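Letter by letter, the chains look like this.
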Amino acid sequence: MRHLWSFLAGVVAAPLAWVLITLGQDGSTRTVTRWLEIGNYNTANLIEPSVYLAVVGILLGLLGTLRFSPLGPLIAGLALITPYVGLFANPFWVRDTVPANWKVFGDPLPLLQPVENGTLFFVGALLVIAVFSGQRWRRWPASPTAAATATASKTTDGADTEPFTRTDWSALQPDPVDRDTAPPTLGYPDPPAPTLTPVTTAPTPLPRRSESESPWSAPPRGGTPKSETPPK
């Protein structure tokens, strides 16, 4: 299907390019010639022919560079080359065949001008050379995203599931943290846990006070309580 659309584009682009090139060249030639005659110039007069030439340049550039199909530039290039090649065989027949009294927007359309000065042959040769690019005969490669999506849509049991597609912004965001993994450390080992030593000896009992001693008095200083008997 792409070859058919490219073929139709080439059929339409060839005569359109011929007309636009003629309008641009004839307008520029008449404008500059008029400037030389009157000895004055106004650059605004070149806007119209320059627009024609810019449009035909963009049209043929897209036809010759886009990788839709090589048939489009091939057909357009051969169609533009044919009138100039016909000058080698029978130039008078070519001049009589090409119309010379057409007008566009009130301006004359001398279609023989780009044929005789070789512009059509030059442009047609560029389009034909563009056909020999090896990349034009190949299909566009499938994008990695589409291939990954098609692979992810197949489950292990063969059932189709809705694939999970990551947005363009998700690549800039970190993946969610796995809560089951340990948090990152500085690389130092953890200190060992303290061990409790069991108590093997009984605590030393406190010294007892006598019954007559006041509980508010100072505790005894020795291990043996003093005698309450006054010295003799």
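Residues numbered from 1 in each chain as written. Predicted model: local features only at pLDDT ≥ 70, side-chain atom pairs only at ≥ 80, totals over all residues. Heavy atoms only, no water.

Enquirer: I tried to follow the overall build of the protein chain on my own but got confused; where do I start?
Expert: Of the regular secondary structure elements, the protein chain holds seven helices and two strands. If you list the helices and strands of the protein chain from N to C, you get α-α-α-α-β-β-α-α-α. The buried share of the protein chain, taken over its 232 residues, is 23%. Counting only contacts in the protein chain whose residues sit at least 6 apart along the sequence, the fraction spanning at least 24 positions is 71%. Counting only carbon and sulfur atoms, one obtains 65% of the accessible surface of the protein chain, whose full area is about 18600 Å². (Helix = DSSP H or I, 4+ residues; strand = E, 2+ residues; numbered from the N terminus. Buried < 20%, exposed > 50% of the residue type's maximum accessible area, 1.4 Å probe, protein only. Contact = heavy atoms within 4.5 Å. Areas by Shrake-Rupley, 256 points an atom, 1.4 Å probe, with all protein chains shown as cover.)

Enquirer: Looking at this structure, I do not really get the layout of surface pockets. What am I missing?
Expert: The rolling of a water-molecule-sized probe over the atoms marks out the regions of remaining empty space. The volume enclosed by the second largest pocket comes to roughly 180 Å³. Put simply, the parts of the chain that give the lining of the second largest pocket at least two residues each are α1 (2-38), α2 (47-65) and β2 (107-109). In terms of residues, the lining of the second largest pocket owes the most to one element, α1, which gives six residues. Across the lining of the second largest pocket, the residue classes tally to five nonpolar, four polar and four charged. (1 Å grid on protein atoms, 1.4 Å probe; cavity = no way out; pocket = protein on both sides within 12 Å on 5 of 7 lines; lining within 4 Å. Points joined across faces, edges and corners; volume = space filled by probe spheres on them. Nonpolar A, V, L, I, M, F, W, Y, C, P; charged D, E, K, R; others polar.)

Enquirer: It is not clear to me how the nonpolar core should be interpreted in this structure. Could you clarify?
Expert: One recurring pattern in soluble globular proteins: nonpolar side chains tend to sit buried together. W18, V56, L60, L80, V98 and L120 are the most contacted members of the largest nonpolar core, which has 23 residues in total. Ignoring anything within four residues of it in the chain, the contact list for L120 reads W18, I21, L80, I81, P114 and V115. (Core = buried A, V, L, I, M, F, W, Y, C linked by side-chain atoms within 4.5 Å.)

Enquirer: Help me understand the packing of aromatic side chains, please; the structure alone is not making it clear to me.
Expert: Two measures describe an aromatic ring pair: the distance that separates the ring centres and the angle between the ring planes. Per the counting criterion, the structure on display carries three aromatic pairs. Their ring planes at 75° and their centres at 6.0 Å tell us that Y84 and F88 sit as a pair that is edge-to-face. Of the two residues, Y84 and F88 both sit in helix α3 (residues 71-89), four residues apart, roughly one turn of that helix. With relative accessibility at 24%, the residue Y84 sits in the partly exposed group. With a relative accessible area of 67%, F88 lands in the exposed category. Ring centres of Y84 and F121 lie 5.1 Å apart, and the angle between their planes is 40°; on these two criteria the pair is classed as tilted. In this pair, Y84 is assigned in helix α3 and F121 in helix α6 (residues 119-131), connecting sequence segments 37 residues apart. Taking the relative accessible area as the measure of exposure, F121 reaches 35% and is therefore partly exposed. (Phe/Tyr/Trp six-rings, centres within 6.5 Å; stacked < 30°, edge-to-face > 60°.)

Enquirer: Sorry if this is basic, but what is going on with α6 here?
Expert: At 3.6 residues per turn, the α-helix brings residues three or four places apart onto the same side. Its 13 residues give α6 an end-to-end C-alpha distance of 19 Å, which sits within 8% of 18 Å, the value for a rise of 1.5 Å per residue. Here α6 has its buried residues at T119, L120, V123, G124, L127, V128, A130 and V131. With its buried residues spanning 160° around the axis, α6 presents them on a single face. Away from its buried face, by an angle of more than 90 degrees, α6 presents the exposed residues F122, L126 and I129. Residues of α6 that are buried make contact with α1, α2, α3 and α5 (112-116). (Expected span 1.5 Å × (residues − 1). Arc of directions from axis to C-beta.)

Enquirer: Looking at this structure, I do not really get a nonpolar patch on the surface. What am I missing?
Expert: Residues M1, L4, W5, F7, L8, V11 and V12 make up a contiguous nonpolar surface patch of roughly 720 Å² in combined accessible area. Along the chain, the position of W5 falls in helix α1. (Patch = residues over 30% accessible without salt bridge, like charges linked within 9 Å, V, L, I, M, F, W, Y side chains within 5 Å. Salt bridge = Lys/Arg side-chain N within 4 Å of Asp/Glu carboxyl O.)

Enquirer: I tried to follow α3 on my own but got confused; where do I start?
Expert: In this model α3 runs 26 Å from its N-terminal to its C-terminal C-alpha over 19 residues, within 8% of the 27 Å that 1.5 Å per residue would give. The largest bend along α3 measures about 35° and falls at T82, with the proline P83 one to four residues further on. Buried within α3 we find G72, P73, A76, G77, L80, I81, P83 and G86. Residues of α3 that are buried make contact with α1, α2, α4 (91-97), α5 and α6. (Bend = angle between axes of the 7 residues up to and from the residue.)

Any functional reading would require information beyond the geometric quantities listed.
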